[in-house]
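Structural overview for review
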Amino acid sequence: MRKPIIFGNWKMNKTVKEANELISLLKTLVSDIKDVEIGVCPPAIDLQEVVKLTKDSNIKVGAQNMHWEKSGAYTGDISAVMLKELGVEYIIIGHSERREYYNETDQEVNKKVKTAFEHKLKPIICVGESLEERKENKTKDKVKNQIKNALKGLTANQVSQTVIAYEPIWAIGTGESASAKQANQVVSYIRDVVNLDYPEASQKLRIQYGGSVKPHNIEEFMAESDIDGALVGGASLEANSFADIVKNTK
Ligand code: PGA
């Protein structure tokens, strides 16, 4: 059985003080939940505070991005070594906003995924199609390419520990989520694609849906056969709504 995994992606929101307030409340709201893996991905500057606050809690911490090199002349970037030393456990790689606004390529995503495993960080790899691609029936081709490139060169054991977030770009931050059936179709297809190269690992790796997940629709997504959790943006910025999503996850 794959354990459900609900992560919040705060994007560029929350100062250290605000992060402290959110986590302090969230911790008490979800403290007795054991059957869902819960995590938050704050901006880099909040990580130290959030790791400290979530110690001895059931909330894991992830970062939103990192460079693939260990160190060097990369102004503005942070490395896996730095994240690991802080006690960060997960790393979001290839979010559509990174791909779109910072021109991140599939090759860079692959380098970051390999670096994550080298430093014992668990990657949450984001994939998904734009509205245009969906209309042109290119969804499957797009995610297949993204998945194949992202997992290139990984061992089966690494693939089994990977989390994939299927996030149709047209559903992110728009309030218009994909229907549960639509999402599950693509998520099942992703598992089939992984199955071609990694049959055993494909049954272990967890695939989230992301895009306008809210407390009222999480149950529908979780009821689908292949969806193992959610990557939540907007609704993770408020402790109560994020806690409600976690509580409604079955
Ligand atoms: P959203 O963002 O929940 O605000 O749509 C999801 C994401 O980008 O991970």
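The structure reproduced in this document is the subject of the present report. Just so it is clear, the model here is predicted, and its values are computed rather than measured.

How each quantity is defined
Residues numbered from 1 in each chain as written. Predicted model: local features only at pLDDT ≥ 70, side-chain atom pairs only at ≥ 80, totals over all residues. Heavy atoms only, no water. Near = heavy atom within 4 Å. Polar contact = N/O pair within 3.5 Å; in protein donor to acceptor, adjacent residues only side chain to side chain. Areas by Shrake-Rupley, 256 points an atom, 1.4 Å probe, with all protein chains shown as cover. Nonpolar A, V, L, I, M, F, W, Y, C, P; charged D, E, K, R; others polar. Buried < 20%, exposed > 50% of the residue type's maximum accessible area, 1.4 Å probe, protein only. Helix = DSSP H or I, 4+ residues; strand = E, 2+ residues; numbered from the N terminus. Pairing = 2+ DSSP bridges.

1. What to know about the site of the ligand
The ligand sits among 13 residues. The nearest are Lys11, His95, Glu167, Gly173 and Ser212. Taking His95, its side chain carries an N or O atom lying 2.7 Å from an oxygen atom of the ligand. Contact with the protein chains removes 97% of the 280 Å² of surface that the ligand exposes when unbound. In terms of residue class, the shell around the ligand is made up of four nonpolar, seven polar and two charged.

2. Structural notes on the pairing of strand E8 (residues 229–232)
Residues Gly229 and Leu231 of E8 are buried on one face, and the alternating residues Ala230 and Val232, pointing to the opposite face, are buried as well. Pairing of strand E1 (residues 5–9) with E8, which is carried by four bridges, proceeds in the parallel orientation. In the strand pairing of E8, Phe7 is matched with Leu231. As paired elements, strand E7 (residues 206–210) and E8 share three bridges and run parallel to each other. Looking at E8, one finds that Gln208 is bridged to Gly229.

3. A few points about the pairing of E1
Judged by how many residues are buried, E1 sits mostly within the fold: five of five residues are covered. Burial along E1 is two-sided: the face carrying Ile5, Phe7 and Asn9 and the face carrying Ile6 and Gly8 are both buried. In this sheet, strand E2 (residues 37–41) lies alongside E1 in parallel orientation, the contact comprising five bridges. What sits directly across from Phe7, in E2, is Gly39.

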